[in-house]
Amino acid sequence: MADSLTSSTSYDYTFGTLSVAMVTPFTNDGAVDYNEAQKLANKLVDEGCDSLVVTGTTGETSTLTDEENVGMFKAVLEAVGDRAKVIAGTGTNDTAHSINLSKRAAEVGVHGLLIVTPYYNKPSQAGVQAHFEAIASATDLPVMVYDIPGRAGIAISSETLVRLAEHPNIKAVKDAKADYLATTRVMAQTDLDYYSGDDGLTLPLMAAGAVGLVSVTAHVATRQYRQLVDAMHAGDLATARKLHFELDPVQRAMMTHIQGAVATKTILHRQNVLPNAVVRLPLVQPSDAELQPVLADLREAGWEI
């Protein structure tokens, strides 16, 4: 693994090439467990990540206080900030709130920001553009725009992304739109670094020019994703395709049956990586019936947990 990790750090990308959208561990009584967060961050970087997104969607950011968000930024920076990029999820549907949290993230030393499309409000594309530009102008940090219409309720149009690329601090896109033609258009017209926000679309997006992925499934398959990303950068499509197929049932287990943070914490707990699988309401633990298809997919991948 040392050789693979060494090769990954040689890539010259602002946000790295393999990022995990980290879960936020909690204690049994529901408090943020910063010690377990540091352990998890070290494990993920040891196994090949060169970037971590802290308190993004999978990190249950919508149920964290600002103090808890900042506490997570500090904890992960302390654990791995000298050997991986720490990206703070500071986007909300309130521009002023996002600016304030982004400034606090910058003060503690994070390496970049992940800003999601403003959700629920359903602004116009002019509003979307103004939202991102206001946040990007509030600090000197590089920004990754997160395009996820399934959660936000709206997509960022290709035209808006092309305009956002003109902002000096907007450097990348996490693409969870599953619109290959729209993505291709923006890639062709801008210098934005693209990252797959859908684990299963990593291979085709990298074939078009994406530099890597921001992954949930890589919590439990870090080494395989490291190998897939490295293979695509090396032009070794045969190896990348083989890994793509091997990862398919694991991705299905993590992303298609129950909510991603719930699935991730449940699997990590069953693997003895986390001491519990506690999530915050409105998320709840899966029932036995809900868990069965997850375990069936993992068995298809050769995993018994």
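Residues numbered from 1 in each chain as written. Predicted model: local features only at pLDDT ≥ 70, side-chain atom pairs only at ≥ 80, totals over all residues. Heavy atoms only, no water.

- Looking at an unreviewed UniProt entry, one finds the protein named 4-hydroxy-tetrahydrodipicolinate synthase, with Neomicrococcus aestuarii as its source organism.
- Per its UniProt entry, the protein bears the Function (unreviewed entry) comment "Catalyzes the condensation of (S)-aspartate-beta-semialdehyde [(S)-ASA] and pyruvate to 4-hydroxy-tetrahydrodipicolinate (HTPA)."
- Checking UniProt for the protein, the heading Subcellular location (unreviewed entry) contains the comment "Cytoplasm". (UniProt positions renumbered as here; feature names shortened; annotations may be inferred.)

### Examining the sheet that holds strand β1 (residues 18-21)
Link 1 in the chain: In spatial order, the strands read β1-β2-β3-β4-β5-β6-β7-β8; together these eight strands close into a barrel with parallel pairing. Going across the sheet, the axis of each strand differs from the next one's by a mean of 25°, ignoring polarity.
Link 2 in the chain: Where strand β4 (residues 112-116) and strand β5 (residues 143-147) come together, four bridges link them in parallel fashion. When the sheet's bridge partners are listed, leucine 113 is paired in β5 with valine 143.
Link 3 in the chain: The strands that helix α3 (residues 66-80) touches are β2 (51-54) and β3 (85-89); relative to β3, the one it contacts most, it runs at about 175°. (Pairing = 2+ DSSP bridges. Helix = DSSP H or I, 4+ residues; strand = E, 2+ residues; numbered from the N terminus. Axes fitted to C-alpha atoms, helices over the stretch in contact; angles between N-to-C directions. Contact = heavy atoms within 4.5 Å.)

### Notes on the pattern of salt bridges
Link 1 in the chain: Taken as a whole, this structure holds 15 salt bridges when the rule is applied.
Link 2 in the chain: Linking aspartate 147 and lysine 177 is a salt bridge whose minimum nitrogen-to-oxygen distance equals 2.8 Å. Of this pair, aspartate 147 sits in strand β5 while lysine 177 sits in the loop between β6 (170-175) and α8 (180-189), placing them 30 residues apart in sequence.
Link 3 in the chain: We classify lysine 177 as buried; its relative accessible area is 16%.
Link 4 in the chain: Across the pair arginine 252 and glutamate 300 runs a salt bridge whose closest N-O atoms are separated by 2.9 Å. (Salt bridge = Lys/Arg side-chain N within 4 Å of Asp/Glu carboxyl O. Buried < 20%, exposed > 50% of the residue type's maximum accessible area, 1.4 Å probe, protein only.)

### Describing the UniProt feature "binding site: pyruvate" (unreviewed entry) in the protein
Link 1 in the chain: Here, UniProt's "binding site: pyruvate" (unreviewed entry) annotation points to Thr58 and Val214. On the basis of their most widely separated C-alpha atoms, the annotated residues across 157 residues gather in one place, lying no more than 11.0 Å apart.
Link 2 in the chain: Within the element layout of this structure, threonine 58 appears in the loop between β2 and α3.
Link 3 in the chain: Residue contacts for threonine 58: discarding those within four places in its chain leaves Ala21, Met22, Val23, Thr24, Val216, His219 and Ala261.
Link 4 in the chain: Relative to the helices and strands, valine 214 is located in strand β8 (residues 212-215).
Link 5 in the chain: Leave out the neighbours within four places in its chain, and valine 214 touches Ser19, Ala21, Val53, Met144, Lys174, Tyr195, Ser196, Gly197 and Asp199.

### A closer look at helix α12 (residues 260-270)
Link 1 in the chain: Of all 11 residues in α12, nine are buried, a share of seventy percent or more.
Link 2 in the chain: Two or three places before alanine 261, at the start of α12, stands the capping residue glutamine 259, its side-chain oxygen 2.7 Å from that residue's backbone nitrogen.
Link 3 in the chain: Of the residues flanking the end of α12, it is asparagine 272, one or two places downstream, whose phi is positive at about 65°. (Polar contact = N/O pair within 3.5 Å; in protein donor to acceptor, adjacent residues only side chain to side chain.)

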